[in-house]
Amino acid sequence: LAKGDRSEDSQIRESWRLTQTEFACLVGAHPISVSRWENSSASPTAFQLGLIEQFAIAAEHKSQTVDVSALIVAHGSVAALRVLLNLAAPATLRG
């Protein structure tokens, strides 16, 4: 993600149909921070950027619709994060 590329930042979040609040929960940020990232007035930390990039990879490889919002509500953000990162992992690492 390049700073200043609002469309890419929000496209990744929107590809999973997540609100800024839900996305913030997954990357360990405040919803206002997500808004600032998307408006190019702030940048995610290196850790958060790594997670966001993994979500982008997972979005490219998802073969089925994953309702991340429902996962967050039903099982919490850790479960949703695990599903997303599993989708981004190479098949050899999934076991």
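Summary of the structure given here. Given the structure is predicted, the values throughout are model-derived calculations rather than measurements.

### Regarding the pattern of salt bridges
Okay, so step 1: What the rule picks out here adds up to two salt bridges.
Okay, so step 2: Linking E38 and R13 is a salt bridge whose minimum nitrogen-to-oxygen distance equals 2.6 Å. Taken together, the positions of E38 in helix α3 (residues 31-38) and R13 in helix α1 (residues 6-15) put the pair 25 residues apart, joining distant regions of the chain.
Okay, so step 3: What makes R13 buried here is its relative accessible area of 9%.
Okay, so step 4: One network of salt bridges, with partners in common, ties together R13, E14 and E38.

### Quick look at the packing of aromatic side chains
Okay, so step 1: Under the counting rule described, the total for this entry stands at one aromatic pair.
Okay, so step 2: On the basis of an interplanar angle of 65° and a centroid distance of 5.8 Å, the ring pair of F23 and F55 is categorised as edge-to-face. Separated by 32 residues along the polypeptide, F23 in helix α2 (residues 20-27) and F55 in helix α4 (residues 46-61) bring together distant segments of the chain. The residues F23 and F55 share a single accessibility class, namely buried.

Each value, and the rule that gives it
- Residues numbered from 1 in each chain as written.
- Predicted model: local features only at pLDDT ≥ 70, side-chain atom pairs only at ≥ 80, totals over all residues.
- Heavy atoms only, no water.
- Salt bridge = Lys/Arg side-chain N within 4 Å of Asp/Glu carboxyl O.
- Helix = DSSP H or I, 4+ residues; strand = E, 2+ residues; numbered from the N terminus.
- Buried < 20%, exposed > 50% of the residue type's maximum accessible area, 1.4 Å probe, protein only.
- Phe/Tyr/Trp six-rings, centres within 6.5 Å; stacked < 30°, edge-to-face > 60°.

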